[in-house]
Amino acid sequence: MDRTASAAHAAHDELLIARLFGGDVGDSERETAVELMGACPDCAALFADLGSIAAATSTMPVPVRPRDFSLTEADATRLRRARSAGWTFAGLRRSLGGAVAALGFVGIVVTGAVSVFGSSGPTSTNLAYDTWNAQGRVASAPQFGAAASPAADLSLPSGAVPAATQAAMAAAQTATDRPVAVSGTGGGKSATAAPPVEPAPAESAPAGAAAASFAPVPAASSYIAEGPVAWSGSAASGAGSAADGATGRFSNNQHTDRGGMDARLVWLFGFGALFVIGLGVLLVPAALSRRRPRS
Amino acid sequence: MDERVADGQAAIGVKSDEASRADALGQGVDMALVEEALRGRLDAFNQIVTRHQDHLYALVYRLVPDRDQAADVVQEAFFSAYKNLASFRGGSVRSWLGRIAINGAMDLQRARRRRPSQPYPDFEDETWQPPAGRDEEPEAKALNLERSRALARALDGLPFEQRNCIVLFDVDGYDYAEIAEIMNVEVGTVKSRIHRGRLALRNALGPDRELFHG
């Protein structure tokens, strides 16, 4: 073999020759490889070597096993116990995973349904209230006696309205048949309810709201538009029937939706996590065992 | 040139009809033994062990060239097979046992990640036996011994992915799809590893390549 041929062989595709040997080439590649082998002695030698090496590999001596691998009765008993334990564990895992995934799925569906159907669009009362505000019938909103201190503003932390206050608000709503603005302090202790009033009259304040004193607050309508959340529908739902009846009436739509959405997002996230965990418990071991076919 | 290609491919061979018939008969016996073992007969399972332990040990030993570790892997494979016999879905018991053992060997390879300092004992050792039906002429025996020794050294120098593919394909006769399933890779990856592994094996043989000429 001359030096020129060897130099040329360095540029030849040895992998192509190996693929030809393995029968892993298409028609055009096969032609190319055969041409290479015809023209280059090194390529032909490579092909021959691959054949003889593969043949020798398949006839390598077999090592003698050092012992008999038969199972004893003790081995069999131990393995049967392990198998029973494995089945029990697998059954528990499947039950637990299925239950958790189902709970998560149902939670997601229910929370999603509440999000879609529970708060779509303003209620008729809120719509009326918005209209009422737009007409300027509230030239000034009431300010509250108990809440008139500097510490009291028109904001409430989400869910901070106590049941008693909600009941009072419901009563006020019943008495006036009008929407009511709500206020309170951080702990909700001084929160109270105040029906919006016509420009005239403090004397027209309803009996149901006797505990509240009112004073005009010029910025009340802007609070309604931009202030923080009064309370969410879901937070009020457990506070008694009066409060339930008032839910949505006492609060601005936008604020209620925002607070409710936050809560719903938390629930959605929680249920989603449950669903994923349940699926993981169900599927991951199965996927692993499929990946490693030990049985 | 085409004849030479055909000859070369015959070296990595297709099973004869006779071998295929023997395989089918063996599978029938295996399935009957599996059914008996599932009824609780340990001796039936031990007959399966007896039928396949030599093959499994030879297979694992080529992947894990350490006698004790290979023996442990094979023993664990039979334990695992017994424990999971009920989930055997039919097919070849030999392949099923092979997959279990190969997975064990690959676990061991990953755990070691370093090559043994003294792989493969000397082939003069009486614990080695030539494959059945081999020519026992002293000259041929000596040549085969030399070749095997050189091959063992060269195989040990390959990355274990390539070595596993070559051993499974060239030595144990698994097909591409079976190897792909065992190693959890694509068929194309298996082919590539085999082709590159053969080239690497040839290069690793170096001057010992002369042993394989003629």
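Residues numbered from 1 in each chain as written. Chains lettered and ligands numbered in written order. Predicted model: local features only at pLDDT ≥ 70, side-chain atom pairs only at ≥ 80, totals over all residues.

## Thoughts on the overall build of chain B
So, point 1. When its secondary structure is counted, chain B shows nine helices and one strand.
So, point 2. Scanning chain B from its N terminus toward the C terminus, one meets helices and strands in the order α-α-α-α-α-β-α-α-α-α.
So, point 3. A burial count over chain B gives 36% of its 214 residues as buried.
So, point 4. Sequence-distant contacts, at least 24 apart, represent 67% of the contacts inside chain B between residues at least 6 apart. (Helix = DSSP H or I, 4+ residues; strand = E, 2+ residues; numbered from the N terminus. Buried ≥ 20, exposed ≤ 12 C-beta atoms within 10 Å, placed from the backbone. Contact = placed C-beta atoms within 7 Å.)

## Remarks on the overall build of chain A
So, point 1. Summing up its helical and strand segments, chain A has eleven helices and five strands in all.
So, point 2. Expressed as a percentage of its 295 residues, the buried residues of chain A come to 31%.
So, point 3. Here the analysis covers contacts within chain A between residues at least 6 apart in sequence; of these, 75% occur between residues at least 24 apart.

## Here we look at helix α4 (residues 67-83) of chain B
So, point 1. With 17 residues, α4(B) should cover 24 Å at 1.5 Å per step; its first-to-last C-alpha distance of 24 Å lies within 8% of that length.
So, point 2. Within the sequence span of α4(B), burial applies to Ala70(B), Val73(B), Val74(B), Gln75(B), Ala77(B), Phe78(B), Ala81(B) and Tyr82(B). (Expected span 1.5 Å × (residues − 1).)

## Considerations on the packing of helix α7 (residues 160-171) of chain B against helix α9 (residues 187-205) of chain B
Residues and elements named next belong to chain B.
So, point 1. The geometry of α7 relative to α9 is characterised by a closest axis approach of 8 Å and an angle of 95° between their N-to-C directions. Accordingly, the angle class assigned to the pair α7 and α9 is roughly perpendicular. The segment α7 lies against α9, with Glu 161, Gln 162, Arg 163, Cys 165, Ile 166 and Phe 169 engaging Val 190, Arg 193, Ile 194, Arg 196, Gly 197, Arg 198, Ala 200 and Leu 201.
So, point 2. Here the contact of α7 with α9 is composed, by residue class, of seven nonpolar, two polar and five charged. (Axes fitted to C-alpha atoms, helices over the stretch in contact; angles between N-to-C directions. Parallel < 35°, antiparallel > 145°, perpendicular 65-115°, else oblique. Nonpolar A, V, L, I, M, F, W, Y, C, P; charged D, E, K, R; others polar.)

## Some words on the environment of Ile53(A)
So, point 1. For Ile53(A), the position within the fold is in helix α4 (residues 41-58).
So, point 2. In this structure Ile53(A) touches Arg198(B), Leu201(B), Arg202(B) and Phe212(B), once residues within four positions along its chain are discounted.

## Remarks on the interface of chain A and chain B
So, point 1. Each partner contributes to the interface: chain A provides 46 residues, whereas chain B provides 57 residues.
So, point 2. When residues of the side of chain A that touches chain B are traced back to their parent elements, those giving at least two are α2 (14-21), α3 (27-39), α4, β1 (62-63) and α5 (73-117) of chain A.
So, point 3. Of all the elements, α4(A) adds the most residues to the side of chain A that touches chain B, at eleven residues.
So, point 4. For the side of chain A that touches chain B, the per-class residue count stands at 24 nonpolar, ten polar and twelve charged.

## Considering unusual backbone geometry
All names here are of chain B.
So, point 1. One non-glycine residue, Asn 184, adopts positive backbone phi at about 60°.
So, point 2. One can find Asn 184 in the loop between α8 (176-183) and α9.
So, point 3. Under the C-beta neighbour-count criterion, Asn 184 is labelled partly exposed, with 13 such atoms within 10 Å.

## Side note on the environment of Ala44(A)
Residues and elements named next belong to chain A.
So, point 1. Residue position: Ala 44 is located in helix α4.
So, point 2. Under the C-beta neighbour-count criterion, Ala 44 is labelled partly exposed, with 16 such atoms within 10 Å.
So, point 3. Measuring from C-alpha to C-alpha, the distance between Ala 44 and Ile 17 comes to 8.6 Å, with 27 residues separating the pair along the chain.

## Some details on α2(A)
Structural remark: α-helix, 3.6 residues per turn; residues separated by three or four positions point the same way.
So, point 1. Taken across its eight residues, α2(A) has six buried, putting it largely inside the fold.
So, point 2. Backbone geometry just downstream of α2(A) places Gly23(A) in the positive-phi region, at approximately 70°.

## Re the confidence of the model for chain A
Detailed reading of the predicted model is not advised wherever pLDDT is low.
All names here are of chain A.
So, point 1. The predicted model of chain A has a mean per-residue pLDDT of 65, with 46% of residues at 70 or higher.
So, point 2. Taking the mean pLDDT of every element in chain A, the minimum, 41, falls on helix α9 (residues 233-236) and the maximum, 90, on α2.
So, point 3. Ignoring residues within four places in sequence, the model shows residues 137-156, a span with pLDDT below 50, making 65 contacts including any to other chains.
So, point 4. Taken as a whole, residues 175-252 scores under 50 in pLDDT and shows 203 contacts with residues more than four places along the chain or in a different chain. (pLDDT = per-residue confidence, 0-100.)

## Considerations on the confidence of the model for chain B
So, point 1. For chain B, per-residue confidence averages 80 on the pLDDT scale, and 78% of positions sit at 70 or higher.
So, point 2. For this predicted complex, the interface confidence reaches an ipTM of 0.74, while the overall pTM sits at 0.55.

## Quick notes on the nonpolar core
So, point 1. Counting residues in each nonpolar core, the largest one holds 65 residues, and the members touching the most others are Ile17(A), Val60(B), Val74(B), Ala77(B) and Ala101(B).
So, point 2. Among the elements that take part in this core, helix α3 (residues 42-63) of chain B stands out by supplying ten residues, more than any other.
So, point 3. Every residue in contact with Ala101(B), bar those within four places of it in the chain, is listed here: Leu56(B), Leu59(B), Val60(B), Val73(B), Val74(B) and Ala77(B). (Core = buried A, V, L, I, M, F, W, Y, C linked by C-beta atoms within 7 Å.)

## As for the packing of α2(A) against α3(A)
Residue and element names in this part refer to chain A.
So, point 1. It is the contact of α2 with α3, at a shortest axis distance of 10 Å, that shows an interaxial angle of 110°. As summarised for this structure, α2 and α3 are arranged roughly perpendicular, according to the angle between their axes. Handedness of the crossing formed by α2 with α3: left-handed. For the pair formed by α2 and α3, the contact residues are Leu 16, Ile 17 and Leu 20 on the first element and Glu 29, Arg 30, Thr 32, Ala 33, Leu 36 and Met 37 on the second. (Left-handed = near helix turned anticlockwise from the far one by under 90°.)

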